[in-house]
Amino acid sequence: MAVKPEESAEHVWRSFLVNGEVAREARQRRIFRLLPGNPRCKWCYAPFKGTSGAFVRMFYGKRPSNLNPRICNVCELFATKHPGGAEVELTLMFADVRGSTSLAESMDAMAYSRLINRFYNAATNVMIQTNALIDKIIGDQVAAMYAKGMVGENHAAQAVHAGRELLKATGHKDPAGPWIPLGVGVHTGVAFVGSVGSQDGTIDITVLGDTANTTARLASSANVGEILVSLPTAQAAGLEVNRLDSRNLALKGKREEVKVYVL
C-alpha cells in the first residue's frame, strides 16, 4: 500500500519541527491541561511530579526530556516511532572552549574535568532557559538547536541571545576575565534533522549537513569572548549590522569565504 504524503516520515517530521504539530500530542494537551501539578512540559503541559506526574508516566510514558528537561520526552518518543527526518530551516548555536589543549596541560586531570563539567552545567542551563534542543555536549564543545516548532519564528534571535547569555554565564563580562575561555558561532540555514539509529537499537536526534558544519567552523574560528554570527542569522535576527564589525572567513571545506558579524 502506498504511503500518503501526509503520512510520510518526512511530512510528519516537518510538521513537528516547523509547526510543533503532532496529532496525538494535540489530543493529549487537552487532557494534560486539566491535571494539577508543576513543573510540567511547556509544550504539551504534561505534569512531571506528584500523582499527576506518576499518572502520565504510567499511561503515556511522559517524563522530562534528555534534550531539554523543560519539555517532555516527546522528541525521543517521536524519533522512535517515526524513523527518518526532514530538511528544515533552523538556527544552530555552537560554543567551543578556546585553547582547551593548553588548559588541560596546565592542570591535573581531576581539576580539568571539574572545569569542563562546570562549563557543561552553565551551557545546559542557558540552553534550557532559551528553549533549545540540546544537540550535542561532547569534548570541549556544546551545540544547541533552535527550531521554529519549538521556539517560534524568532529562532535566530533566540540563538544569538543564548550565545550572549552563555558568554555572560562563563564570566566574559567580568573585569577579571572568564573562568573558561569560549568562542561561539551562530548560523541559520537548512539542515536535515531526524533520528539516527545505531546497531544496538539506540535512537538519537541529530542535525546533519552543511549548516551544522558551518556553525562548528564559526565557533572554532571565534576568538575568546566573541560570537561570530553568519549573514543569514544576522538578517533573520534583525541585527543592526552597520554597527557591527564584520569579517570574511575562509572556512575549511567551504569553496567561498563566509561573511560573519562579530558580537
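The sections below set out a description of the structure shown in this document. It should be emphasised that the depicted structure is a prediction, and the values quoted were computed from it without experimental measurement. (Residues numbered from 1 in each chain as written. Predicted model: local features only at pLDDT ≥ 70, side-chain atom pairs only at ≥ 80, totals over all residues. Heavy atoms only, no water.)

1. Re the packing of helix 6 (residues 109-129) against helix 8 (residues 155-169)
Just so we agree on the cut-off: Only the stretch in contact is used when fitting a helix axis, every axis being a line fitted to C-alpha atoms; angles between N-to-C directions are given from 0 to 180 degrees. In this text, helices come from DSSP runs of H or I with a minimum length of four residues, and strands from runs of E with a minimum of two, each type numbered from the N-terminal end. Two helices that cross are described as forming a left-handed crossing if the nearer one is turned anticlockwise from the farther one by less than a right angle, and a right-handed crossing if clockwise. The contact criterion used is simple: two residues touch if any of their non-hydrogen atoms lie within 4.5 Å. Under this grouping Gly is polar, as are all residues other than the nonpolar Ala, Val, Leu, Ile, Met, Phe, Trp, Tyr, Cys and Pro and the charged Asp, Glu, Lys and Arg.
Viewed as axis vectors pointing N to C, helix 6 and helix 8 meet at an angle of 145 degrees, and their least axial separation amounts to 9 Å. Of the two possible hands of crossing, helix 6 and helix 8 adopt the one that is right-handed. Here Ala 122, Ala 123 and Val 126 of helix 6 come into contact with helix 8, specifically with Ala 162, Glu 165, Leu 166 and Ala 169. Grouping the amino acids of the contact of helix 6 with helix 8 by side-chain chemistry returns six nonpolar, no polar and one charged.

2. A short note on helix 1 (residues 9-19)
To keep it simple, the criterion reads: Partly exposed describes any residue whose relative accessible area lies between the buried limit of under 20% and the exposed limit of over 50%, with all areas from a 1.4 Å probe on protein chains only and scaled to the type maximum.
Where helix 1 is concerned, the buried positions are Val 12, Trp 13, Ser 15, Phe 16 and Leu 17. Of the residues trailing helix 1, Gly 20 is marked for its positive phi of about 65 degrees.

3. A closer look at the pattern of salt bridges
Test applied: Salt bridges are defined by distance alone: a side-chain nitrogen of Lys or Arg within 4 Å of a carboxyl oxygen of Asp or Glu.
The tally for this structure, following the rule as stated, stands at seven salt bridges. Of the charged contacts in the structure, one is a salt bridge between Lys 254 and Asp 210, with a shortest N-O distance of 2.8 Å. Here Asp 210 lies in helix 9 (residues 210-221) and Lys 254 lies in the loop between strand 7 (245-249) and strand 8 (258-262), a separation of 44 residues in the sequence. Since its relative accessible area comes to 43%, Asp 210 is described here as partly exposed. Its salt-bridge partner being Arg 247, residue Glu 226 comes within 2.5 Å of it at the nearest N-O pair. Of the two residues, Glu 226 is situated in the loop between helix 9 and strand 6 (227-230) and Arg 247 in strand 7; the sequence distance between them amounts to 21 residues. For Glu 226, a relative accessible area of 12% translates into the label buried.

4. A word on unusual backbone geometry
Glycine aside, residues mostly have negative phi angles, and peptide bonds mostly take the trans form. Positioned with a positive phi, Asn 131 is a non-glycine residue whose angle comes to about 65 degrees. Relative to the elements of secondary structure, Asn 131 occurs in the loop between helix 6 and strand 2 (133-138).

Any functional reading would require information beyond the geometric quantities listed.
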